[in-house]
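Residues per chain are reported as follows:
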Amino acid sequence: MYHVAYFLDQLINGVTLGAIYGLVAIGYTMVYGIIGMINFAHGEIFMIGTFVSLIVFLLLGLAGGVWLPLAILIVLLAAMLFTAIYGWTLERVAYRRLRASPRLAALITAIGMSIFLQNYVQLLQGARNKPLPPQITGGVEVVNTTNRAGEAYAVSLSFLQILIIVLTIVLMVVFTLLITRTALGRAQRACEQDRGMAALLGINVDRTISLTFVIGASLAAVAGLIFMLRYGATDFFVGFLTGLKAFTAAVLGGIGSLPGAMLGGLLIGLIEVFFAGYFNLEYKDVATFTILVLVLIFRPTGLLGKPDIEKV
Amino acid sequence: MTGPANGHGPGERPLLTVEHLTMRFGGLVAIDDVSFQAADREITAIIGPNGAGKTTVFNCLTGFYKPTVGRLTLELEGHPPIFLERMEGFRIASRARVARTFQNIRLFPKMTLLENLVVAQHNKLMRASGYTVRGLFGFGYRQEEEKAVDRARYWLEQIGLVDRADDDADSLPYGDQRRLEIARAMCTEPVLLCLDEPAAGLNPRESADLNDLLTFIRNEHRIGILLIEHDMSVVMQISDRIVVLDYGRKISDGDPEFVRQDPAVIRAYLGEEEEEDLPDIVKQDLSTDGAGGAGALS
């Protein structure tokens, strides 16, 4: 019984971590799909999302007790708005001019923007870890058993985890509808397949690319809020590792593939948590990046990606 | 320089006026002072040997190149004239409503036929959906979307592919892809349709279908069509007017009958006194199409 309970515990943790990676991975994969570059500053956009969430939570706290669901909604919208502005500016200032340049130029610029944003936040917010008191407490007990030492071992699904899973599912559904059913989504897919032709059909390609960054950044903001609620602390450097793991998730799922990013995020979250839970906590990052190396060697197109056919 | 076509009767109202168009790439002059008009509700063909500058004219028209010199005016009834050489590429499609196709097929291969046609109506849908904000919640958007799908279905019917609406575009045979491209261009509701070698690679039957489609578009949708084509059976049968380019210059301009007999054209295709240089296919087409023209060549 204990084994099942322990497994269940890891599963719940893995899925919530996977939600964060999945939401960030979508930003990587969308940008790659439309302009063929890896936006390495996307992890920093996520980091800014955590800070905006933190600041707005604290401001709401100062303003007096706001009903919790309302407070979360306000934080969510504020975080999405601010990071969207960052995402838009990033594309407009740093990437648009380089769109016709070799890929390497855009890639190096992205790394530069990543370092810039880290230092910018460090300068404004300081280098120290910023805590946020737990906002959502309580949960439902799923299993109650004893561990090998005979102590009580309870597996509970916290309200926070329920919120994270529900929020992520809702966003993924909205996002999938956006891409498959709306004019914007169609324009995005058209730009992915042939930007020149899309322009000839009257699609404003620049605006479509800007909106791609805005959507990617908004989803990263949601991941930032989830991160803040779940781990209760942030600093200027959290975007680096989370960004790399989300990138790994995007590659695992097949870079450029949206369902792939969601699946990859979930898998990386589960792999990381299970590795830490069953083998070694210290080396959980090694497990993740080993996956990256293995995927790049043996299946560079990822799980759901299609082979890149050379255009004539 | 807006005189009427040589040997051409009073035509329709001019839709597109090209004046003194010149395009240089460094030292190379791709187009040298070309002027012509394309009328509304007519098919105007641009022909000429390889490298004559036909596609370059199209690229100037659709904003791919900025002409070195020249003015490209689009005149619509009841609208101020539009100067295409001053516009950004995507505005030429959305504001001036000039649509084009390419020599090689440029459909969106991984979108369905229907989506290919609906995405061409993007601007209208974006406006209707409140730039997606309202679209996500479905307010006031469905109606416009239905209209777009109806228009897409209408064109699928015209090209006979309505039962394949939900297949990916790259699953179609070549000839069908060509016609789908024209249908997609028509979904942008253009006033001028520019087709770059639409009959390239088509078999005679598909070629005949294409003729019917283009004639249908001209007669029923009453827009101007500008056509680059090597296939003389297409050009001679459906063009109302032909502009002939050679080495970047215009050497002839008029109705098919006139152009067919124009010594300058014959020289360009045959070379002076060297009938043997004429590609067999052209010789055959020129001599079999209509008795009048054949006389001039033999």
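### So, the overall build of chain A
- For chain A, the helix and strand inventory stands at 11 helices and four strands.
- In terms of overall size, chain A behaves like a compact globule, its C-alpha atoms giving a radius of gyration of 20 Å where 312 residues would be expected to give roughly 20 Å.
- With the C-alpha coordinates of chain A rotated into their principal frame, the extents come out at 70 × 50 × 40 Å.
- Pairs at least 24 residues apart make up 75% of the contacts formed inside chain A by residues separated by at least 6 positions.
- A total accessible area of about 14,300 Å² is found for chain A, and carbon and sulfur atoms account for 69% of it.
- Taken together, the 19 basic and 14 acidic charged side chains of chain A have centroids lying 9 Å from each other.

### Observations concerning the environment of L180 of chain B
Residue and element names in this part refer to chain B.
- Looking at where L180 falls in the secondary structure, it is placed in helix 7 (residues 174-187).
- The class for L180 is buried, based on a relative accessible area of 0%.
- A sequence separation of 32 residues divides L180 from D212, and the C-alpha atoms of the two residues are 14 Å apart.

### Topic: the sheet that holds strand 5 (residues 82-83) of chain B
Residue and element names in this part refer to chain B.
- Overall, antiparallel pairing links the four strands, which are arranged 2-1-4-5 in an open sheet. The open sheet is flanked by strand 2 (28-39) and strand 5, the only strands paired with a single partner.
- Bridge analysis of strand 1 (residues 14-25) against strand 2 gives eight bridges, and the strand direction is antiparallel. The partner of P14 across the bridge, within strand 2, is A39.
- Here helix 1 (residues 54-61) sits on the sheet in contact with strand 1, strand 2 and strand 4 (69-74), set at roughly 110° to strand 1.

### Digging into the pattern of salt bridges
- For the coordinates displayed, the defined rule picks out 22 salt bridges over all chains.
- A salt bridge links R100 of chain B to D196 of chain B, with the shortest nitrogen-to-oxygen separation between them at 3.7 Å. Residue R100 of chain B is found in strand 6 (residues 98-100), and its partner D196 of chain B is found in strand 7 (residues 192-196); the two are separated by 96 residues along the sequence. Accessibility classification places R100 of chain B together with D196 of chain B in one group, the buried group.
- The salt bridge involving E189 of chain B is made with R151 of chain B; its shortest N-O contact spans 3.5 Å. With E189 of chain B in the loop between helix 7 and strand 7 and R151 of chain B in helix 6 (residues 142-158), this residue pair connects regions lying 38 residues apart in the sequence.
- A relative accessible area of 29% means that E189 of chain B is categorised as partly exposed.
- Among the ionic contacts, a cluster of salt bridges with common partners joins E91, R96, R99 and D206 of chain A.

### Considerations on the domain arrangement of chain B
Residues and elements named next belong to chain B.
- Per the domain assignment, the segments making up chain B are domain 1 (1-97 + 190-298) and domain 2 (107-188).
- Each partner contributes residues to the interface: domain 1 has 18 residues there, and domain 2 has 13 residues.
- For the pair domain 1 and domain 2, the two sides together bury roughly 1,200 Å², of which 73% comes from carbon and sulfur.
- Our count for the domain 1 to domain 2 interface comes out at zero salt bridges.
- Taken together, the elements giving at least two residues each to the side of domain 1 that touches domain 2 come down to strand 7 and helix 8 (204-221).

### Looking at unusual backbone geometry
Residue and element names in this part refer to chain B.
- Positive phi values are uncommon outside glycine, yet E189 reaches one of about 50°.
- The phi dihedral of R222 falls on the positive side, at around 55°, and the residue is not glycine.
- Its relative accessible area of 45% is what places R222 among the partly exposed residues.

### Considering the side chain of R241 of chain B
- On the secondary structure map, R241 of chain B appears in strand 9 (residues 241-246).
- In this structure the side chain of R241 of chain B is engaged in a polar contact, spanning 2.9 Å, whose partner is the side chain of D253 of chain B.

### What to know about the pairing of strand 8 (residues 224-228) of chain B
Residues and elements named next belong to chain B.
- Extensive coverage of strand 8 is indicated by the burial of five of its five residues.
- By the alternation rule, side chains of strand 8 split into G224, L226 and I228 and I225 and L227, which are all buried.
- Two strands pair when backbone bridges link them, and strand 3 (residues 43-47) and strand 8 are joined in this way by four bridges, in the parallel orientation. Across the sheet, I43 pairs through a bridge with I225, a residue of strand 8.
- When strand 7 meets strand 8, the two strands line up parallel, connected through five bridges. The residue bridging D196 from the neighbouring strand is I228, located in strand 8.
- Remark: the strand 7/helix 8/strand 8 crossover connection has right-handed handedness.

### Some remarks on the packing of helix 1 (residues 2-35) of chain A against helix 8 (residues 205-231) of chain A
All names here are of chain A.
- Remark: helix 1 packs on helix 8, axes separated minimally by 9 Å, with the N-to-C direction vectors making an angle of 165°. Here helix 8 runs roughly antiparallel to helix 1, going by the angle between their axes. Crossing geometry of helix 1 relative to helix 8 is assigned as left-handed.

The rules behind each value
- Residues numbered from 1 in each chain as written.
- Chains lettered and ligands numbered in written order.
- Predicted model: local features only at pLDDT ≥ 70, side-chain atom pairs only at ≥ 80, totals over all residues.
- Heavy atoms only, no water.
- Helix = DSSP H or I, 4+ residues; strand = E, 2+ residues; numbered from the N terminus.
- Rg over C-alpha atoms; globule rule 2.2 N^0.38 Å.
- Contact = heavy atoms within 4.5 Å.
- Areas by Shrake-Rupley, 256 points an atom, 1.4 Å probe, with all protein chains shown as cover.
- Lys, Arg positive; Asp, Glu negative; His and termini not counted.
- Charge placed at Lys NZ, Arg CZ, Asp CG, Glu CD.
- Buried < 20%, exposed > 50% of the residue type's maximum accessible area, 1.4 Å probe, protein only.
- Pairing = 2+ DSSP bridges.
- Axes fitted to C-alpha atoms, helices over the stretch in contact; angles between N-to-C directions.
- Salt bridge = Lys/Arg side-chain N within 4 Å of Asp/Glu carboxyl O.
- Domains from an automatic or database assignment.
- Buried area = accessible area lost by both parts, 1.4 Å probe.
- Polar contact = N/O pair within 3.5 Å; in protein donor to acceptor, adjacent residues only side chain to side chain.
- Right-handed = clockwise from strand over helix to strand, strands pointing away.
- Parallel < 35°, antiparallel > 145°, perpendicular 65-115°, else oblique.
- Left-handed = near helix turned anticlockwise from the far one by under 90°.

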